[in-house]
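Spelled out from the first residue to the last, the chains are:
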Amino acid sequence: MKYALFSGCRTGFDIPQHPKSAKAVLSRLNVKVEELDFGCCGYPVKEKNLDAFLLLSIRNLAIAQAHHLPVLTLCKCCFGSLKQAEHYFQNDAEKRVMINRILEKEGLHYGGGVRVHHMLTLLDREVDTGIIQRSIVHPLDGIKVAASYGCHALRPATITGFDDHPNAPTIFERIIRLTGAETVNWSKRLECCGNPLLDKNSTLARGFILNKYETAKQEGADLICTACNYCHMQYEYGRDIILKSGSTTPIPAVLLTQLLGRAMGLEKELRGVETAA
């Protein structure tokens, strides 16, 4: 089982712990990954120029196809972008011609059909549950975890196919429970973290993330778990605001791969990378 690992643009600078913890967890599960010369998924320009978005996204799928590999994303925004670009590509003949005409200048061509997984869909559908369970050596018994879903993997459900029940998903909780932790059915789990609004309306974006922090704590969570680069950066932004205010101490927000790494006893592999308490 081998995948082209699509870490996303922001990880190298903002959250290098995401690909590091992901690779450690995947190695423990005997899932092989290869890092290709990927570029941006196109998400930041989607609302400004659809053609630019499609070209950026499809270029990555063309690179994966040239290496005969499916794609594994760590970020839900990247996942949603690649899935939506594939949908556009398959259903718009003019854009297929346009995109491939430009890709030819790099010696690339995309024929469609590259499979795209998010870390959660990979663990839920491609990796045997028994293998994950046997890898858990330090069960997170007694820890209550609030799964923060993020927006772009869930919608539009007919395109992303992230969960069979997009309005009441359970895929995130199913994976968290494999660590031995208890999941919290908190009321804000499907709501936006506010990151897409940060440059447009910082007050509104700030309110979104602080409300999520407050609600998760009120509803009994010990940790908030993320599986998206942008969501995690937004939680770090909210954490800084709370700490500077001095009003309270925010509960930790950790990546799914960090949570799994802790339960798998990967402290040595993740040395220098903050993990769940």
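About the criteria used
- Residues numbered from 1 in each chain as written.
- Predicted model: local features only at pLDDT ≥ 70, side-chain atom pairs only at ≥ 80, totals over all residues.
- Heavy atoms only, no water.
- Helix = DSSP H or I, 4+ residues; strand = E, 2+ residues; numbered from the N terminus.
- Contact = heavy atoms within 4.5 Å.
- Pairing = 2+ DSSP bridges.
- Axes fitted to C-alpha atoms, helices over the stretch in contact; angles between N-to-C directions.
- Core = buried A, V, L, I, M, F, W, Y, C linked by side-chain atoms within 4.5 Å.
- Buried < 20%, exposed > 50% of the residue type's maximum accessible area, 1.4 Å probe, protein only.
- Left-handed = near helix turned anticlockwise from the far one by under 90°.
- Phe/Tyr/Trp six-rings, centres within 6.5 Å; stacked < 30°, edge-to-face > 60°.
- Lys NZ or Arg CZ within 6 Å of the ring centre and 35° of its normal.

A. Inspection of the side chain of Thr-73 at higher detail. As for its position among the elements, Thr-73 is in strand β3 (residues 71-73). Beyond its immediate stretch of four places on either side in the chain, Thr-73 contacts Phe-6, Cys-78, Phe-79, Leu-82, Val-116, His-117, His-118 and Met-119.

B. Structural context of the sheet that holds β3. Here we have four strands laid out as an open sheet, ordered β2-β1-β3-β4, and parallel in their pairing. If you trace the sheet from one side to the other, it starts and ends with β2 (32-34) and β4 (116-118), each paired once. Across this sheet, the average inter-strand angle for adjacent strands is 40 degrees, counted without regard to direction. Of the strand pairs in this sheet, strand β1 (residues 2-6) and β2 are connected by three bridges, and their pairing is parallel. Paired with Tyr-3 across the bridge in β2 is Val-33. Relative to the sheet, helix α4 (residues 76-91) contacts β1, β3 and β4, its axis offset from that of β4 by approximately 160 degrees.

C. Up close: the nonpolar core. Core analysis: the largest hydrophobic core is formed by 86 residues, its most contacted members being Val-71, Leu-123, Phe-172, Ile-176 and Leu-256. Looking at this core, the element that brings in the most residues is helix α3 (residues 50-66), giving seven residues. Residue contacts for Leu-123: discarding those within four places in its chain leaves Leu-29, Ile-132, Ile-175, Leu-256 and Leu-260.

D. Expanded view of the environment of Glu-126. Tracing the sequence through the fold places Glu-126 in helix α6 (residues 119-126). The exposure class assigned to Glu-126 is partly exposed, which follows from its relative accessible area of 30%. Each C-alpha atom, one on Glu-126 and one on Ala-52, is 32 Å from the other, the two residues being 74 residues apart in sequence. What Glu-126 contacts, discounting residues up to four positions off in sequence, is Met-1, Tyr-3, Arg-115, His-117 and Thr-121.

E. Representation of the packing of α3 against helix α5 (residues 93-103). Axis separation between α3 and α5 bottoms out at 10 Å; the angle between their running directions is 65 degrees. The interaxial crossing formed by α3 with α5 has right-handed handedness. Residues Leu-50, Asp-51, Leu-54, Leu-55, Ile-58, Arg-59 and Ala-62 of α3 pack against Lys-95, Met-98, Ile-99, Ile-102 and Leu-103 of α5.

F. Geometry of the packing of aromatic side chains. Under the defined criterion, the tally for this structure stands at six aromatic pairs. For the ring pair Tyr-213 and Tyr-235, a centre distance of 5.3 Å and an interplane angle of 85 degrees mean the geometry is edge-to-face. With Tyr-213 in helix α10 (residues 202-218) and Tyr-235 in helix α11 (residues 229-245), this pair connects stretches of sequence that are 22 residues apart. Note on Tyr-213: relative accessible area 4%, which makes it buried. Among the residues examined, Tyr-235 registers a relative accessible area of 1% and is labelled buried. The ring of Phe-53 carries Lys-46 above its face, with NZ or CZ at 5.5 Å from the centroid.

G. Quick peek at the sheet that holds strand β7 (residues 223-226). If you walk across this open sheet you meet the four strands as β6-β5-β7-β8, and the pairing is parallel. A strand with exactly one partner marks an edge of an open sheet, and here the two such strands are β6 (182-183) and β8 (253-255). One ladder, built from two bridges, connects strand β5 (residues 144-147) with β6; its direction is parallel. Among the inter-strand pairings, Val-145 is bridged to a residue of β6, identified as Thr-183. Sitting on the sheet, α11 is in contact with β7 and β8, with an inclination near 155 degrees to β8. Its contacts with the sheet place helix α12 (residues 256-263) against β5, β7 and β8, and it is angled at close to 80 degrees to β8.

H. A look at the pairing of β1. Within β1, four of the five residues are buried, which leaves it mostly tucked inside the rest of the structure. Direction of pairing for β1 relative to β3: parallel, over a ladder of three bridges. Looking at the pairing, Leu-5 lines up with Leu-72 of β3.

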